Amino acid sequence: MKKIYSKVEPSILLHIVTSVNEIKSGRLDVVPEKEYIQLAILKMNKGKTFLPHKHIIKKKVTDIAQESWVVFQGKVKCIFYDLDDSIIDEPILEQGSISITLRGAHNYLILEDNTTVLEYKTGPYLGQEFDKQFINK
């Protein structure tokens, strides 16, 4: 797992890159508990189960949209930016790779035809004007 911290504010975690191949068995919590988007990788054997459950409805307020990409097929170049909009890292994601942006900007370049990703982000989505601020790069 690669955790990318800000060079401007070194205590701030901006981006995380990991892969489903990084866990042998059990559970790997990828994102710190305090973040809005949560991600764990679970690798389990046949017969594993959990108690039936539902999640408690509670009011939550998020002050930032956080986003994750999971690559199912193909290859993606991530361009990750620091708090001052400078490029901080450019990892390549392949099948089974995962990126999480907690803070800072990001951009993606698809490197292969038929690349397929799952995109997850915190909601609700209120439209681009409330969700995104474009940077000039």
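In case you missed it, the structure is sitting above this.
Residues numbered from 1 in each chain as written. Predicted model: local features only at pLDDT ≥ 70, side-chain atom pairs only at ≥ 80, totals over all residues. Heavy atoms only, no water.

### Overview of the side chain of Ser6
Test applied: Only DSSP runs of H or I reaching four residues or more are called helices, and only runs of E reaching two or more are called strands; each is numbered from the N terminus. The buried label applies to any residue whose accessible area, calculated with a 1.4 Å probe on protein chains only, is under 20% of its type's maximum; exposed applies above 50%, and partly exposed to all values in between. Side-chain atoms alone can form a polar contact between residues adjacent in sequence; in general such a contact is a pair of N or O atoms within 3.5 Å, and within protein one must be able to donate a hydrogen while the other accepts it. Two residues qualify as a contact provided that any one of their heavy atoms is within 4.5 Å of a heavy atom in the partner residue.
Mapped onto the secondary structure, Ser6 falls in the loop between β1 (2–5) and β2 (13–19). Of the residues examined, Ser6 reaches a relative accessible area of 4% and is grouped as buried. Reaching out from Ser6, the side chain makes a polar contact with the backbone nitrogen of Glu9 at a distance of 2.8 Å. A polar side-chain atom of Ser6 sits 2.5 Å from a polar atom in the side chain of Asp82. Not counting residues within four places of it along the chain, the set of residues in contact with Ser6 comprises Ile12, Leu14, Asp82, Leu83 and Ile88.

### Comments concerning the environment of Asp82
If you trace the backbone, Asp82 turns up in the loop between β6 (75–81) and β7 (87–89). Judged by its relative accessible area of 2%, Asp82 is buried. In this structure, Asp82 is in contact with Ser6, Lys7, Val8, Leu14, Ile88, Gly104 and Ala105, ignoring residues within four places of it in sequence.

### Here we look at unusual backbone geometry
Positive phi values are uncommon outside glycine, yet Asp85 reaches one of about 70°. Within the fold, Asp85 resides in the loop between β6 and β7.

### Some remarks on the pattern of salt bridges
The line we're drawing: The salt bridge definition used is simple: a Lys or Arg side-chain nitrogen within 4 Å of an Asp or Glu carboxyl oxygen.
Considering all chains together, one arrives at eight salt bridges under this definition. A salt bridge links Arg27 to Asp29; the nearest nitrogen and oxygen atoms lie 2.7 Å apart. Among the ionic pairs, Glu119 bridges to Lys121, the shortest N-O distance being 3.9 Å. Owing to a relative accessible area of 44%, Glu119 belongs among the partly exposed residues under this scheme. Of the residues examined, Lys121 reaches a relative accessible area of 30% and is grouped as partly exposed. A cluster of three or more residues bridged by salt bridges with shared partners is formed by Lys34, Glu35 and Arg103.

### Thoughts on the sheet that holds β2
Short version of the rule: In this analysis, strands are considered paired if DSSP registers two or more bridges between them. Angles here are taken between N-to-C directions and fall from 0 to 180 degrees, while the axes themselves are lines fitted to C-alpha atoms, restricted in helices to the stretch in contact.
As summarised here, the arrangement of the five strands in space is β1-β2-β9-β5-β11, forming an open sheet in which the pairing is antiparallel. What marks the edges here is a single partner per strand, and that holds for β1 and β11 (116–121). Across the sheet, the axes of successive neighbouring strands diverge by a mean angle of 15°, strand direction being ignored. Two elements, strand β5 (residues 67–73) and β11, share six bridges in a ladder whose sense is antiparallel. Each bridged residue has a counterpart across the sheet, and for Ser68 the counterpart in β11 is Tyr120.

### Description of the packing of aromatic side chains
Put simply, the test is: In this scheme Phe, Tyr and Trp rings, the latter by its six-membered ring, pair at centre separations within 6.5 Å, and the angle between planes marks the pair as stacked below 30 degrees, edge-to-face above 60, and tilted otherwise.
This structure, assessed with the given rule, holds one aromatic pair. Between the aromatic rings of Trp69 and Tyr108, the centroid separation amounts to 3.7 Å while the plane-to-plane angle is 10°, which identifies the pairing as stacked. Note that Trp69 is positioned in strand β5 and Tyr108 in strand β10 (residues 106–110), a separation of 39 residues in sequence. Across the pair, Tyr108 and Trp69 agree in class, each one buried.

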